[in-house]
Amino acid sequence: MKSYFGILTLVLLVFVVNVENIHAQEESNLLERRIESFSSEGKGLLRILSSLSMEHRLPIGFEISKQEENSSQSVALAFEDKKVSEVIDGILIHFPAYEWKVVDNVINVYPRASRDELLDVKIKTFSFKGKSLYNLRVAIADIPTLKTAAKRKRAEFITLAFSKNDFGGLEKDFSISVESVAFRTLLNSIAGKRKEKPFWVFSRFGNDDEHIVVNF
C-alpha cells in the first residue's frame, strides 16, 4: 500500500512540474515575441495598450487605478524590433504608478497600489456564447457573486452600449465556459480566446467609485 501511494505521489509531482514547465514556456514565448514596429502619439495608457493588443494580437488586461489620474496623460512612443517585454517596460516608464506581470498567459497591467478586490472574487460557474460585446458585459454583470460583492460596496456594473460595435464585436464562434475561477481569471480567459482584439479593461468611476465598467 505504501508503495502504491508513493508511486501515485510521484506521478502527481511529475504532472505538476510538467504543467508548470508548459506555463513557463508559454510565458517565455509570449514575452520573447518581437514587435517589428509600434508607435503611439497623443494617447493615454488605455489607448496605447488597446492599440498594442489589437495591432499585434497581444493578450493584455488593464486594471485602471482608482486613485491615480496620470494614466490619461498623452505620450509619444515609438518602438522598432523590440521584444514584447521591452515594449511593455518602455511604455510603463511613462506611467510609474503601474506595473505588469503575465497571468494566465495574458499580460496584466495593474496599479502598484490599491488593487481592486473585486477582481479576486471567486466565480462558481460562467458560460457565454455569442458575438455581442454588450451581451457579454450584461452576462458578467449578472454573475451572482460579483453582484453581491459590488452591492456590498454600494457599487454596480454599468452595461450601456457605447457604440454600434457593442452589438457585435466578438468573433462569430466565440464561446467560453469556466468554473471556480477568480474574476480576473475569467477576464484573462476571455482575452485569451479573442482572435481580433485579445484585450480587457476594468475601471471604476463616480464620486465613490460606485460605477464599474468592464470592456473588451
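Up top is the structure these notes are about.
Keep in mind that this is a model prediction, so the values were computed, not measured.

### A closer look at the packing of helix α2 (residues 45–56) against helix α3 (residues 84–92)
Where α2 meets α3, the axes come as close as 11 Å, and the angle between the chain directions of the two elements is 165°. Relative to α3, the element α2 lies roughly antiparallel. Crossing angle aside, the handedness with which α2 passes α3 is right-handed. Here Leu45, Ile48 and Leu52 of α2 come into contact with α3, specifically with Val87, Ile88, Ile91 and Leu92. Class assignment for the residues of the contact of α2 with α3 results in 7 nonpolar, no polar and no charged.

### Some details on the packing of aromatic side chains
The tally for this structure, following the rule as stated, stands at 5 aromatic pairs. Judged by centre distance (5.8 Å) and plane angle (45°), the ring pair of Tyr134 and Phe167 falls under tilted. Residue Tyr134 is located in helix α4 (residues 133–141), and its partner Phe167 is located in the loop between β7 (156–157) and β8 (175–182); the two are separated by 33 residues in the primary sequence. Here Phe183 and Phe202 contribute two aromatic rings whose centre-to-centre distance is 6.1 Å and whose plane-to-plane angle is 80°, an arrangement assigned as edge-to-face. Of this pair, Phe183 sits in helix α6 (residues 183–193) while Phe202 sits in strand β9 (residues 199–205), and the two are 19 residues apart along the sequence. Owing to a relative accessible area of 0%, Phe183 belongs among the buried residues under this scheme. Using a relative accessible area of 1% as the deciding quantity, one classes Phe202 as buried. Aromatic rings pair up to connect Phe157, Phe183 and Phe202 into one cluster. We note Arg115 situated over the ring of Tyr110; from NZ or CZ to the ring centre the distance is 3.8 Å.

### Regarding unusual backbone geometry
Phi at Arg57 is positive, roughly 55°, even though this residue is not glycine. In this structure, Arg57 sits in the loop between α2 and β2 (60–63). On the basis of relative accessible area, Arg57 is assigned to the partly exposed category, the value being 41%. Unusually for a residue other than glycine, Asp81 sits at a positive phi of about 50°. Inspection of the secondary structure assignment puts Asp81 in strand β3 (residues 75–83). We classify Asp81 as partly exposed; its relative accessible area is 45%.

Cut-off values and rules
- Sequence order as written defines residue numbering, which begins from 1 separately in each chain.
- Local features in this predicted model are restricted to residues whose pLDDT is 70 or higher, and side-chain atom pairs enter the listing and the counts only when it is 80 or higher, whereas totals over whole chains, interfaces and linings include all residues.
- To obtain the side-chain values, all non-hydrogen atoms of the structure were used and water was disregarded.
- Axes here refer to lines fitted to C-alpha atoms; in helices the fit is confined to the stretch in contact. Angles between the N-to-C directions go from 0 to 180 degrees.
- To qualify as a helix, a DSSP run of H or I must reach at least 4 residues; to qualify as a strand, a run of E must reach at least 2; elements of each kind are numbered from the N terminus.
- Under this scheme an angle from 65 to 115 degrees is roughly perpendicular, one under 35 degrees roughly parallel, and one over 145 degrees roughly antiparallel; angles in between are oblique.
- Left-handed is the label given to a crossing in which the near helix is rotated counterclockwise from the far helix by less than a right angle, and right-handed is the label when the rotation is clockwise.
- Contacts are assigned to residue pairs with any non-hydrogen atoms lying within 4.5 Å of each other.
- Throughout this entry, Asp, Glu, Lys and Arg are counted as charged residues, while Ala, Val, Leu, Ile, Met, Phe, Trp, Tyr, Cys and Pro are counted as nonpolar. The remaining residues, Gly among them, count as polar.
- Stacked, edge-to-face and tilted are the three classes for Phe, Tyr and Trp ring pairs, Trp counted by its six-membered ring, which pair at centre distances within 6.5 Å; planes under 30 degrees apart are stacked, over 60 edge-to-face, the rest tilted.
- Note on exposure labels: buried denotes an accessible area under 20% of the residue type's maximum, exposed denotes more than 50%, and partly exposed covers the range between, all computed with a 1.4 Å probe on protein chains only.
- Criterion for a charge above a ring: Arg CZ or Lys NZ at most 6 Å from the ring centre, at most 35 degrees from the ring normal.

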